[in-house]
Amino acid sequence: VVVTDVVQKTVPIYGEYVAQTDARETVEIRARVQAFLEAQHFTEGTIVKKNQLLFTLDKREFEAKLQQAKAELEIAMARLGKAETDERRLKPLAERRAIGQKEADDAQSNVDLANASVKAAQAKLAEVQLHLGYTRVTAPIGGLSSRAPKSEGSLVNANETLLTTVSQVDPMWVPFSIAENEQLALNRAV
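Computed from a predicted model, the values in this text were never measured in an experiment.

Analysis parameters
- Residues numbered from 1 in each chain as written.
- Predicted model: local features only at pLDDT ≥ 70, side-chain atom pairs only at ≥ 80, totals over all residues.
- Heavy atoms only, no water.
- pLDDT = per-residue confidence, 0-100.
- Helix = DSSP H or I, 4+ residues; strand = E, 2+ residues; numbered from the N terminus.
- Pairing = 2+ DSSP bridges.
- Buried < 20%, exposed > 50% of the residue type's maximum accessible area, 1.4 Å probe, protein only.
- Expected span 1.5 Å × (residues − 1).
- Contact = heavy atoms within 4.5 Å.
- Phe/Tyr/Trp six-rings, centres within 6.5 Å; stacked < 30°, edge-to-face > 60°.
- Salt bridge = Lys/Arg side-chain N within 4 Å of Asp/Glu carboxyl O.

### Observations regarding the confidence of the model for the protein
Then comes step 1: Across the protein, the average pLDDT comes to 91, with 99% of residues at 70 or higher.
Then comes step 2: Here helix α3 (residues 180–189) stands out as the least confident element of the protein, with mean pLDDT 84; strand β5 (residues 53–57) is the most confident, with 97.

### Details of the sheet that holds strand β3 (residues 35–40)
Strands in a sheet are paired, the pairing made by backbone hydrogen bonds, and the direction either parallel or antiparallel.
Then comes step 1: Across the sheet, which stays open at both edges, the four strands sit in the order β6-β5-β3-β8 with antiparallel pairing between neighbours. A strand with exactly one partner marks an edge of an open sheet, and here the two such strands are β6 (136–138) and β8 (155–156).
Then comes step 2: When β5 meets β6, the two strands line up antiparallel, connected through three bridges. Note on β6: the bridge partner recorded for T56 is R136.

### A closer look at the pairing of strand β9 (residues 162–167)
Consecutive side chains of a regular strand alternate in pointing toward one face of the sheet and then the other.
Then comes step 1: Counted residue by residue, β9 has five buried out of six residues, so it is predominantly covered.
Then comes step 2: Sheet topology places strand β2 (residues 26–30) next to β9; five bridges connect them, and they run antiparallel. Bridge pairing links T26 to S167 in β9.
Then comes step 3: In this sheet, β9 lies alongside strand β7 (residues 143–145) in antiparallel orientation, the contact comprising two bridges. Paired with L144 across the strands is S167, a residue of β9.

### A word on helix α1 (residues 60–95)
Then comes step 1: End to end, α1 covers 53 Å across 36 residues, agreeing with the expected 52 Å (1.5 Å per residue, within 8%).
Then comes step 2: For α1, the complete set of buried residues consists of F62, L66, A69, L73, A76, L80, A83, E87, L90 and A94.
Then comes step 3: Considering only its buried residues, α1 is in contact with β3 and α2 (101–133).
Then comes step 4: Of the residues trailing α1, R97 is marked for its positive phi of about 60°.

### Topic: the packing of aromatic side chains
Then comes step 1: Enumeration according to the criterion identifies two aromatic pairs in this entry.
Then comes step 2: Between the aromatic rings of Y17 and F176, the centroid separation amounts to 5.4 Å while the plane-to-plane angle is 25°, which identifies the pairing as stacked. In this pair, Y17 sits in the segment before β1 (22–23) while F176 sits in the loop between β10 (172–173) and α3, placing the two residues 159 residues apart along the sequence.
Then comes step 3: By relative accessible area, F176 is classed as partly exposed at 49%.
Then comes step 4: A centroid spacing of 5.4 Å and a plane angle of 90° characterise the contact between F42 and F55, whose relative ring orientation is edge-to-face. Within this pair, whereas F42 is found in the loop between β3 and β4 (47–48), its partner F55 is found in strand β5, the two being separated by 13 residues in sequence. Grouping residues by exposure puts F42 and F55 together as buried.

### Examining the pattern of salt bridges
Then comes step 1: Taken as a whole, this structure holds seven salt bridges when the rule is applied.
Then comes step 2: Two residues, E28 and R30, come together in a salt bridge whose shortest N-O distance is 2.8 Å.
Then comes step 3: With its nearest N and O atoms 2.7 Å apart, the salt bridge here joins D86 to K82. Of the two residues, D86 and K82 are both situated in helix α1; the distance of four residues between them amounts to about one turn of the helix.
Then comes step 4: Residue classification places K82 among the exposed positions, given a relative accessible area of 52%.
Then comes step 5: Overlapping salt bridges bring together K82, D86 and R89 as one network.

Set out below in C-alpha coordinates:
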(Lines give C-alpha, C1' and ligand atoms only; values in the text may rest on other atoms or scores of the structure.)
Protein backbone atom coordinates (compact mmCIF):
# COMPACT_ATOMS: atom_id res chain seq x y z
CA VAL A 1 0.00 0.00 0.00
CA VAL A 2 1.32 3.40 -0.96
CA VAL A 3 0.57 6.14 1.50
CA THR A 4 0.72 9.84 0.82
CA ASP A 5 0.24 12.85 3.04
CA VAL A 6 -2.79 14.98 2.28
CA VAL A 7 -1.83 18.54 1.41
CA GLN A 8 -4.35 21.33 1.04
CA LYS A 9 -3.69 23.71 -1.87
CA THR A 10 -5.53 25.65 -4.55
CA VAL A 11 -6.03 23.68 -7.73
CA PRO A 12 -6.93 25.52 -10.92
CA ILE A 13 -10.15 24.49 -12.62
CA TYR A 14 -9.89 24.08 -16.36
CA GLY A 15 -12.64 24.04 -18.92
CA GLU A 16 -12.92 24.22 -22.68
CA TYR A 17 -15.56 26.46 -24.19
CA VAL A 18 -16.44 27.69 -27.65
CA ALA A 19 -15.80 31.42 -27.93
CA GLN A 20 -15.52 34.12 -30.54
CA THR A 21 -13.04 36.98 -30.45
CA ASP A 22 -14.53 40.41 -30.88
CA ALA A 23 -12.81 43.74 -31.32
CA ARG A 24 -13.49 46.28 -28.63
CA GLU A 25 -14.07 48.91 -31.30
CA THR A 26 -14.74 48.51 -35.03
CA VAL A 27 -15.09 51.46 -37.38
CA GLU A 28 -16.51 51.38 -40.89
CA ILE A 29 -14.49 53.60 -43.20
CA ARG A 30 -16.71 55.35 -45.75
CA ALA A 31 -16.16 58.16 -48.21
CA ARG A 32 -17.69 61.49 -47.16
CA VAL A 33 -17.84 62.81 -50.74
CA GLN A 34 -18.65 61.29 -54.12
CA ALA A 35 -15.53 60.82 -56.22
CA PHE A 36 -13.44 58.22 -57.99
CA LEU A 37 -11.08 56.15 -55.83
CA GLU A 38 -7.61 57.26 -56.85
CA ALA A 39 -5.30 55.17 -54.63
CA GLN A 40 -5.21 52.76 -51.71
CA HIS A 41 -2.30 53.35 -49.31
CA PHE A 42 -2.37 50.25 -47.08
CA THR A 43 -2.26 46.49 -47.45
CA GLU A 44 -5.50 44.73 -46.64
CA GLY A 45 -5.40 42.69 -43.44
CA THR A 46 -2.53 44.62 -41.88
CA ILE A 47 -2.35 46.81 -38.81
CA VAL A 48 -2.93 50.51 -39.55
CA LYS A 49 -2.11 53.39 -37.23
CA LYS A 50 -4.47 56.12 -36.11
CA ASN A 51 -4.60 58.99 -38.68
CA GLN A 52 -2.75 56.86 -41.26
CA LEU A 53 -3.73 57.71 -44.85
CA LEU A 54 -5.84 54.83 -46.20
CA PHE A 55 -7.32 56.13 -49.45
CA THR A 56 -7.13 59.16 -51.70
CA LEU A 57 -10.05 60.20 -53.85
CA ASP A 58 -9.92 62.24 -57.05
CA LYS A 59 -9.81 65.85 -55.90
CA ARG A 60 -9.76 67.73 -59.21
CA GLU A 61 -13.48 68.56 -59.10
CA PHE A 62 -13.15 69.90 -55.54
CA GLU A 63 -10.06 71.96 -56.44
CA ALA A 64 -12.05 73.57 -59.28
CA LYS A 65 -14.92 74.29 -56.88
CA LEU A 66 -12.39 75.78 -54.45
CA GLN A 67 -11.11 78.19 -57.12
CA GLN A 68 -14.70 79.13 -57.96
CA ALA A 69 -15.56 79.71 -54.28
CA LYS A 70 -12.46 81.91 -53.86
CA ALA A 71 -13.48 83.96 -56.91
CA GLU A 72 -17.03 84.35 -55.58
CA LEU A 73 -15.61 85.57 -52.26
CA GLU A 74 -13.44 88.13 -54.08
CA ILE A 75 -16.50 89.34 -56.03
CA ALA A 76 -18.50 89.66 -52.81
CA MET A 77 -15.65 91.56 -51.14
CA ALA A 78 -15.44 93.94 -54.13
CA ARG A 79 -19.19 94.57 -53.97
CA LEU A 80 -18.92 95.23 -50.26
CA GLY A 81 -16.12 97.73 -50.87
CA LYS A 82 -18.18 99.54 -53.49
CA ALA A 83 -21.28 99.57 -51.27
CA GLU A 84 -19.28 100.98 -48.33
CA THR A 85 -17.72 103.64 -50.58
CA ASP A 86 -21.14 104.66 -51.90
CA GLU A 87 -22.55 104.82 -48.38
CA ARG A 88 -19.62 106.94 -47.11
CA ARG A 89 -20.07 109.29 -50.07
CA LEU A 90 -23.85 109.62 -49.64
CA LYS A 91 -23.97 109.90 -45.84
CA PRO A 92 -22.78 113.54 -45.62
CA LEU A 93 -25.11 114.48 -48.46
CA ALA A 94 -28.06 112.88 -46.63
CA GLU A 95 -27.16 114.75 -43.41
CA ARG A 96 -27.28 118.05 -45.34
CA ARG A 97 -30.48 116.93 -47.07
CA ALA A 98 -28.82 117.23 -50.48
CA ILE A 99 -30.24 113.82 -51.43
CA GLY A 100 -33.43 112.02 -50.49
CA GLN A 101 -33.67 109.72 -47.48
CA LYS A 102 -34.49 106.81 -49.79
CA GLU A 103 -31.10 107.05 -51.48
CA ALA A 104 -29.34 107.05 -48.10
CA ASP A 105 -31.43 104.09 -46.92
CA ASP A 106 -30.69 102.22 -50.16
CA ALA A 107 -26.95 102.80 -49.67
CA GLN A 108 -27.10 101.38 -46.13
CA SER A 109 -29.18 98.44 -47.36
CA ASN A 110 -26.62 97.75 -50.10
CA VAL A 111 -23.86 97.59 -47.46
CA ASP A 112 -25.93 95.14 -45.41
CA LEU A 113 -26.62 92.98 -48.47
CA ALA A 114 -22.96 93.03 -49.47
CA ASN A 115 -21.95 91.98 -45.92
CA ALA A 116 -24.39 89.07 -46.11
CA SER A 117 -23.00 88.09 -49.52
CA VAL A 118 -19.46 88.06 -48.11
CA LYS A 119 -20.56 85.82 -45.21
CA ALA A 120 -22.33 83.45 -47.61
CA ALA A 121 -19.26 83.29 -49.86
CA GLN A 122 -17.03 82.61 -46.84
CA ALA A 123 -19.35 79.78 -45.74
CA LYS A 124 -19.31 78.31 -49.25
CA LEU A 125 -15.51 78.49 -49.31
CA ALA A 126 -15.29 76.72 -45.93
CA GLU A 127 -17.65 74.00 -47.16
CA VAL A 128 -15.62 73.42 -50.33
CA GLN A 129 -12.38 73.29 -48.32
CA LEU A 130 -13.99 70.73 -46.02
CA HIS A 131 -15.06 68.58 -48.98
CA LEU A 132 -11.58 68.86 -50.47
CA GLY A 133 -10.17 67.58 -47.17
CA TYR A 134 -12.51 64.57 -47.38
CA THR A 135 -10.62 63.36 -50.46
CA ARG A 136 -7.97 62.06 -48.04
CA VAL A 137 -9.47 59.18 -46.05
CA THR A 138 -7.56 58.41 -42.85
CA ALA A 139 -7.96 55.83 -40.10
CA PRO A 140 -9.84 57.25 -37.09
CA ILE A 141 -8.42 54.51 -34.84
CA GLY A 142 -5.48 52.14 -34.98
CA GLY A 143 -6.16 48.49 -35.59
CA LEU A 144 -6.51 45.65 -38.05
CA SER A 145 -7.77 46.61 -41.50
CA SER A 146 -10.20 44.44 -43.40
CA ARG A 147 -10.66 43.78 -47.09
CA ALA A 148 -11.23 46.80 -49.31
CA PRO A 149 -14.20 45.94 -51.54
CA LYS A 150 -13.58 48.83 -53.97
CA SER A 151 -10.53 49.06 -56.19
CA GLU A 152 -8.80 52.04 -57.74
CA GLY A 153 -10.93 53.73 -60.37
CA SER A 154 -14.23 52.82 -58.69
CA LEU A 155 -16.82 55.50 -58.08
CA VAL A 156 -17.56 55.83 -54.38
CA ASN A 157 -20.72 57.51 -53.14
CA ALA A 158 -20.80 59.88 -50.20
CA ASN A 159 -21.64 58.13 -46.89
CA GLU A 160 -22.74 54.95 -48.70
CA THR A 161 -19.76 53.10 -50.11
CA LEU A 162 -17.87 50.98 -47.57
CA LEU A 163 -14.16 51.30 -48.24
CA THR A 164 -12.88 49.08 -45.41
CA THR A 165 -13.22 48.52 -41.67
CA VAL A 166 -10.64 48.97 -38.94
CA SER A 167 -10.94 46.83 -35.80
CA GLN A 168 -9.04 47.56 -32.63
CA VAL A 169 -7.28 44.33 -31.59
CA ASP A 170 -5.72 45.35 -28.30
CA PRO A 171 -7.61 44.71 -26.07
CA MET A 172 -10.08 42.18 -27.48
CA TRP A 173 -13.26 40.74 -26.03
CA VAL A 174 -13.80 36.97 -25.93
CA PRO A 175 -17.49 36.35 -25.18
CA PHE A 176 -18.61 32.75 -24.54
CA SER A 177 -21.49 31.00 -22.87
CA ILE A 178 -21.39 28.33 -20.18
CA ALA A 179 -24.04 25.80 -19.24
CA GLU A 180 -25.96 26.53 -16.04
CA ASN A 181 -24.99 23.24 -14.36
CA GLU A 182 -21.28 23.97 -15.02
CA GLN A 183 -21.73 27.45 -13.56
CA LEU A 184 -23.27 25.96 -10.39
CA ALA A 185 -20.44 23.45 -10.10
CA LEU A 186 -17.87 26.24 -10.45
CA ASN A 187 -19.65 28.31 -7.80
CA ARG A 188 -19.54 25.35 -5.35
CA ALA A 189 -15.84 24.71 -6.05
CA VAL A 190 -14.89 28.29 -5.29
